[in-house]
Amino acid sequence: MDCIFCRIIAGEIPAQRVFEDEHTLAFMDINPVSEGHLLVIPKTHVARLFDADPQLLTHTIHTVQRMAKALQTALGVRNLNLLQNNGKAAFQSVDHLHFHLIPRREGDGIGFGWRLVPGDQEVIRQAALRISGVLQQS
Ligand code: AMP
Ligand code: ZN
């Protein structure tokens, strides 16, 4: 499979690995948004959140928390964005599920491109109804 993250897991491509266990791997992002920017991935290939096994997600989010605490201790990180992109329109560039841990500092000027604009309450209500409807059937 031509997946760059699977190749990192296999050791075929170098990466600054900081942690691994049976199910997960954490390594430094090669294009860091801020100092300490880490990626956490499951070792089993899955492209997106929609398709991920819940057990795999449990392992992955535990590693995410462990890495957050490591950033806290190692780099004094107190503010952190956890980002997980799914699909091209959501800026996913690598099709292997991954969580970004992005340390934030006061006044760092980093933005993620959306503004807080109040939504149309009726549009919000209709979306909520449709989602709730699906959840009641599952
Ligand atoms: P996304 O846009 O959410 O798919 O993010 C993919 C991330 O993977 C980007 O932040 C890239 O900088 C990072 N990335 C891609 N290739 C590598 C690599 N070989 N080693 C470390 N990080 C990588
Ligand atoms: Zn992969």
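Details of the structure are given in the entry above.
Residues numbered from 1 in each chain as written. Chains lettered and ligands numbered in written order. Predicted model: local features only at pLDDT ≥ 70, side-chain atom pairs only at ≥ 80, totals over all residues. Heavy atoms only, no water.

## Some points on the site of ligand 1
Next up, step 1: Around ligand 1 sit 16 residues, and of these Asp29, Asn31, Phe91, Ser93 and His98 come closest.
Next up, step 2: Asn31 places a polar side-chain atom, nitrogen or oxygen, 2.7 Å from an oxygen atom of ligand 1.
Next up, step 3: Contact with the protein chains covers 86% of the free accessible surface of ligand 1, which is 510 Å².
Next up, step 4: For the shell around ligand 1, the secondary-structure elements that each account for two or more residues are helix H1 (4-9) and strand E2 (24-28).
Next up, step 5: With three residues, H1 is the single largest residue contributor to the shell around ligand 1. (Near = heavy atom within 4 Å. Polar contact = N/O pair within 3.5 Å; in protein donor to acceptor, adjacent residues only side chain to side chain. Areas by Shrake-Rupley, 256 points an atom, 1.4 Å probe, with all protein chains shown as cover. Helix = DSSP H or I, 4+ residues; strand = E, 2+ residues; numbered from the N terminus.)

## Brief notes about the coordination of the zinc ion (ligand 2)
Where a metal carries four tetrahedral donors, each ideal angle is 109.5 degrees; where it carries six octahedral donors, the ideal angles are 90 or 180 degrees.
Next up, step 1: At this site the zinc ion (ligand 2) is bound by Cys3 (SG), Cys6 (SG), His45 (ND1) and His96 (ND1), with donor distances of 2.1 to 2.3 Å.
Next up, step 2: Coordination geometry of the zinc ion (ligand 2): the four donor atoms subtend angles of 102 to 117° at the metal centre, consistent with an arrangement described as tetrahedral.
Next up, step 3: Ordering the donors of the zinc ion (ligand 2) by residue number gives the pattern C-x2-C-x38-H-x50-H. One end of the pair, Cys3, is in the segment before H1; the other, His96, is in the loop between strand E4 (79-83) and strand E5 (99-104), with 93 residues separating them in the sequence.
Next up, step 4: Residue Cys3 is classed as buried on the basis of its relative accessible area, which comes to 6%. (Donors = N, O, S within 2.8 Å, 3.2 Å for Na, K, Ca; no water. Tetrahedral: all angles 85-135°; square planar, octahedral: opposite > 155°, others 65-115°. Buried < 20%, exposed > 50% of the residue type's maximum accessible area, 1.4 Å probe, protein only.)

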